[in-house]
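Spelled out from the first residue to the last, the chains are:
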Amino acid sequence: MLKMRFLSHNSRSSSLIKSITTISIIALFLVALLSICQHVEASSEKLGDPYKILGVDRRASLQDIRRAYKQLAKEWHPDKTDNPDAERKFVEIKQAYELLSDSERRKAYDLHGITNEDARLNRDQHDYSQYGRFAFDPFDDFFGSHRFTFHDQDISLFHKLLITAKYYETQVVPKSHTTPHILFFYADWCFSCMKAAGTFKKLLDSLEPLGVTFATINAGLENQLVRRIGVHSLPCISLVLDGHNYLYKEPALSIPKIVDFVRLKLPYKLLGNVKDDNVDAFLSGWTDNRVRALVMEPRSQPRLRYLIAAYHFRHLVAFGFVQLNSPDTKEIQHRYKVNPSLDSVHVFNEDSSKPVASVQMSDIPSETLNVVIKVNRYLALPRLSSQEMLDGICPAEWNRPRKRLCVILVTENTEMHDRARDTLRRIALQSSYSTERVRFAYIYQNKQSDFINSLSAHGRPDDTLLRIVVIWRRDMKHVKYEWIHETDLHVSDHQALDNETYEGVVNKTKLKIDTVIQTLLRPNEALSYEAEVKDLLDEHAQGLIFRIVTKLYTSLEYFIDNLGSEHIWPALSVLATILFILAVGYLMSYLVRMEEDTVKRNETKDQLNNNAPRDNYVQELKLHELRAEKYNGLVRLLKPGCRTIVLITDLQSRPKLIPAYHRAVWPYRKNKTLMFSHMLIEKGLAWYSELLRLSLSELRDLNINPRNCIGTVIALNGHRKYFCMYHAKHPESSRGAKRMIKMTRHLSASPTDPEAGAFLGMDSDDSDISTDVSEPKILLEENLLDGLSNWLDRLFEGTTHRYYINYWPDFTTK
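Described below are features of the structure shown in this document. Quick caveat, the model's predicted, so the values are computed rather than measured.

Here the focus is the side chain of glutamine 448. Mapped onto the fold, glutamine 448 is located in the loop between β11 (438–444) and α19 (449–454). At 2.8 Å, the side chain of glutamine 448 and the backbone oxygen of leucine 537 are in polar contact. Setting aside its immediate chain neighbours within four residues, glutamine 448 contacts Leu384, Ser385, Ile443, Leu536, Leu537 and Glu539.

What follows is the structure, encoded as structure tokens:
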């Protein structure tokens with residue numbers, strides 16, 4: 001018993017020792033884990049003020065931060081300095097740059113001083129990140145292989161940049177002719193769109209400073225726009241350039257690939273390559289009315305910011321690219337004293353010896369680049385070649401306290417006027433007036449005749465050519481102007497002048513222009529005359545053929561760009577269907593031709609066998625006589641759509657009327673729905689009288705003179721029980737039988753031809769009705785069928801009157 005108690009006591013002691021040991025191990029593990037977490041937190045919070053580390057202001061832009069980081073990274077890189085703290089300082093600089101380059105982390109630091117990347121902006125919100133993930137997550141297949149964290153899934157930026165289809169049409173498309181636009185298509189419950197939010201923000205931070213405009217479109221709200229652009233999936237990025245949409249079709253949203261995509265879709269050769277052998281030709285090409293700009297970089301291809309600037313100013317500035325690390329550009333570098341390790345931009349007007357503006361930096365900001373080009377985007381003496389050029393050089397200033405004058409030389413596009421333009425160009429280059437007060441320009445009179453004629457109403461010289469006019473635009477449609485007289489630019493033969501005489505002409509013209517300008521710039525001095533002008537003609541507008549070719553090329557490029565794998569099979573199916581239809585049609589036509597050839601060969605053989613020439617063959621036209629035994633076949637038993645055309649004659653008139661009837665119906669001999677016949681009135685008078693009686697609206701007995709019925713033609717529709725009637729003196733009307741009876745009575749009352757309406761057996765005592773004096777008194781039998789051909793045409797057109805009956809009367813022979 002004691003032994004058993006001792007063993008039980010020992011077992012309880014051992015189990016207690018094991019429990020204490022397990023608890024101690026767990027406690028030690030927790031302490032170590034806590035110390036590690038504290039160490040990680042301390043190391044993460046060890047980062048000081050990132051703004052002080054990089055030496056930038058709190059309101060610094062992303063470009064300033066990036067520029068400071070590059071400078072400090074070069075200075076503190078461990079491979080480039082012997083400072084023992086270089087490695088620690090380099091890591092600190094990198095951490096500060098990573099914090100400030102991320103908009104969300106920078107916002108968290110500015111608001112809460114948080115430098116930890118995993119910290120949340122809202123500290124009161126529960127943080128689930130400490131729980132980690134299981135080794136196998138069943139939701140991986142649904143949400144993707146990436147962790148669905150809400151730190152980078154903020155789509156509030158999508159709502160801030162949201163636009164509508166109307167805004168796209170009225171704002172995005174017009175502005176895309178000068179500024180690239182990137183559209184991001186998303187949906188509210190699109191998880192892929194949420195995962196792409198972080199990439200979109202970085203893309204926005206990278207390209208927006210370069211001049212790209214961003215906007216978002218909710219695909220669920222703009223279905224019509226989504227279908228028209230051709231969005232294939234969400235999220236989707238579309239680049240809008242010059243009014244056209246180009247879809248980004250890579251499966252992943254990668255910033256370098258998107259940048260390459262934008263670069264590829266920009267117009268070809270925005271920056272032409274300029275070397276020592278072609279720099280003079282490039283700079284002297286300002287005769288196209290565009291300023292020249294040289295972009296010099298120590299790279300093989302220009303940066304995207306320069307391409308975007310060239311796209312924006314392409315109508316006013318021609319850009320050239322100079323590769324500084326190429327041996328073919330050494331003379332350019334020496335001429336303009338360019339640092340081969342920095343980016344340089346030089347802007348030139350007509351004087352190619354020195355630039356009017358230049359900027360040289362390691363990283364030229366887009367804002368600085370655009371300002372430099374915008375200020376110098378016009379030549380010293382530009383040509384007023386469009387309304388846009390006039391608005392830029394001489395803007396309307398109704399709300400400005402000071403006048404801006406434009407000195408314009410009227411010329412023509414001829415070499416004879418080059419000397420006059422050179423004279424005014426020299427005066428413009430030597431002018432001491434600010435371009436904000438006085439601008440010089442010239443205009444072609446033969447191309448802008450409406451504008452020149454508007455300024456010629458008052459105070460004009462006898463000939464406006466090679467004359468100078470000073471204008472001030474009060475508003476968009478009205479200008480005030482004054483012509484400058486007593487200048488020698490109107491002398492056309494300047495080439496014959498020697499240098500001394502020419503300098504005298506230049507000085508005299510400059511003195512006269514300066515005197516007029518100084519007078520007009522006074523606040524209390526007004527220009528003498530005012531005129532209403534029309535918009536200038538766009539001299540750079542493309543011709544019709546060139547526009548058609550451009551449109552076809554753009555459509556083909558757009559089609560190729562937007563034809564994806566999901567569209568190839570439907571397109572091939574449609575193409576194969578069209579080719580199959582064409583092949584079947586060609587095969588059937590070929591078989592028909594073979595059949596016709598076979599028939600012709602057989603007919604030829606028959607003719608040879610019968611010794612009958614083919615040319616004497618004439619298709620037969622059968623004329624049936626309407627008698628009692630043929631009545632059912634010709635009338636009552638006609639198939640639907642078939643008609644029988646009957647000529648009424650007598651024994652005396654039949655030899656004369658049947659040939660004329662035969663000639664009238666001969667063109668319709670091949671119509672298988674028609675049957676042609678003739679009837680003797682002596683045999684069918686009873687049937688004809690009953691037929692006419694059934695067609696009348698009133699019941700009465702008809703007393704018909706058979707002699708007056710000859711030459712009548714009736715078209716019988718046996719199936720639908722109606723007939724149409726022709727007679728040389730029968731006036732057809734669309735009002736029916738009553739109108740026919742009235743007109744018949746009208747003809748019967750004619751004193752010149754009392755039997756005009758007797759073919760219906762009607763007489764009238766109305767002698768006061770006027771008659772048609774143009775109608776002949778006597779109608780010969782030979783002329784009874786003269787109008788039959790026209791009547792047949794109206795019969796087949798359906799414009800003749802139809803007389804309906806309830807049944808066909810029996811045909812009885814007297």
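Right, let's get into the state of the cysteines. Here is the idea: a disulfide is a covalent bond, and it sits between the sulfur atoms of two cysteines. Enumeration over the complete set of coordinates arrives at 1 disulfide. At a sulfur-sulfur separation of 1.8 Å, the disulfide partner of cysteine 394 is cysteine 406. Here the S-S torsion is close to -135 degrees, and the disulfide linking cysteine 394 with cysteine 406 is therefore left-handed. Of the two residues, cysteine 394 sits in the loop between α17 (387–393) and β10 (405–411) while cysteine 406 sits in strand β10, which places them 12 residues apart along the sequence. Across this residue pair, the class does not change: cysteine 394 and cysteine 406 are buried.

Where burial is concerned, most of strand β16 (residues 643–649) is hidden: 7 out of the 7 residues are buried. Note that β16 and strand β17 (residues 674–680) share 7 bridges and pair parallel. In the strand pairing of β17, leucine 647 is matched with histidine 678. Note on the crossover from β16 through helix α24 (residues 654–665) to β17: the handedness is right-handed.

This part takes up the packing of aromatic side chains. Taken as a whole and assessed by the stated rule, the structure comprises 18 aromatic pairs. Ring centres of tyrosine 248 and phenylalanine 261 lie 5.6 Å apart, and the angle between their planes is 70 degrees; on these two criteria the pair is classed as edge-to-face. Residue tyrosine 248 is found in strand β4 (residues 244–248), and its partner phenylalanine 261 is found in helix α12 (residues 255–265); the two are separated by 13 residues along the sequence. We note that tyrosine 248, like phenylalanine 261, is buried. Members of the aromatic cluster, each reached through a chain of ring pairs, are Phe158, Phe184, Tyr186, Phe200 and Phe214. If you follow arginine 292 out to its NZ or CZ, it ends over the ring of phenylalanine 282, 5.4 Å from the centre.

Attention now goes to the packing of helix α4 (residues 86–101) against helix α5 (residues 103–112). Remark: α4 packs on α5, axes separated minimally by 5 Å, with the N-to-C direction vectors making an angle of 95 degrees. What the angle tells us is that α4 and α5 run roughly perpendicular. Seen from α4, the contacting residues are Glu98, Leu99, Leu100 and Ser101; seen from α5, they are Ser103, Arg105, Arg106 and Tyr109.

Quick look at a nonpolar patch on the surface now. A contiguous nonpolar patch, built from Trp569, Leu572, Val574, Leu575, Ile578, Leu579 and Leu582 and spanning about 760 Å² of accessible area, is present on the exposed surface. In this structure, valine 574 sits in helix α22 (residues 565–610).

Bringing unusual backbone geometry into the picture now. Going from leucine 234 to proline 235, the amide bond is cis rather than trans, its omega being -5 degrees. Relative to the assigned elements, proline 235 resides in the loop between α11 (223–229) and β3 (236–241).

A separate point is the sheet that holds strand β2 (residues 213–218). In sheet architecture, strand pairing relies on hydrogen bonds along the backbone and comes in two forms, parallel and antiparallel. Overall, mixed pairing links the 4 strands, which are arranged β2-β1-β3-β4 in an open sheet. Each having just a single partner strand, β2 and β4 make up the two edges of the open sheet. Ignoring which end each strand starts from, the neighbouring axes of this sheet average 25 degrees apart. Strand direction decides the pairing type here: β3 and β4, joined by 5 bridges, are antiparallel. Bridge assignment links isoleucine 237 to a residue of β4, and that residue is tyrosine 248. Along the sheet, helix α8 (residues 165–175) contacts β1 (181–186), β3 and β4; its crossing angle with β1, the most-contacted strand, is approximately 140 degrees. Taken strand by strand, α12 contacts β1, β3 and β4, and its axis lies near 150 degrees from that of β4.

About the criteria used
Residues numbered from 1 in each chain as written. Predicted model: local features only at pLDDT ≥ 70, side-chain atom pairs only at ≥ 80, totals over all residues. Heavy atoms only, no water. Helix = DSSP H or I, 4+ residues; strand = E, 2+ residues; numbered from the N terminus. Polar contact = N/O pair within 3.5 Å; in protein donor to acceptor, adjacent residues only side chain to side chain. Contact = heavy atoms within 4.5 Å. Disulfide = S-S within 2.5 Å. Buried < 20%, exposed > 50% of the residue type's maximum accessible area, 1.4 Å probe, protein only. Pairing = 2+ DSSP bridges. Right-handed = clockwise from strand over helix to strand, strands pointing away. Phe/Tyr/Trp six-rings, centres within 6.5 Å; stacked < 30°, edge-to-face > 60°. Lys NZ or Arg CZ within 6 Å of the ring centre and 35° of its normal. Axes fitted to C-alpha atoms, helices over the stretch in contact; angles between N-to-C directions. Parallel < 35°, antiparallel > 145°, perpendicular 65-115°, else oblique. Patch = residues over 30% accessible without salt bridge, like charges linked within 9 Å, V, L, I, M, F, W, Y side chains within 5 Å. Areas by Shrake-Rupley, 256 points an atom, 1.4 Å probe, with all protein chains shown as cover. Salt bridge = Lys/Arg side-chain N within 4 Å of Asp/Glu carboxyl O.

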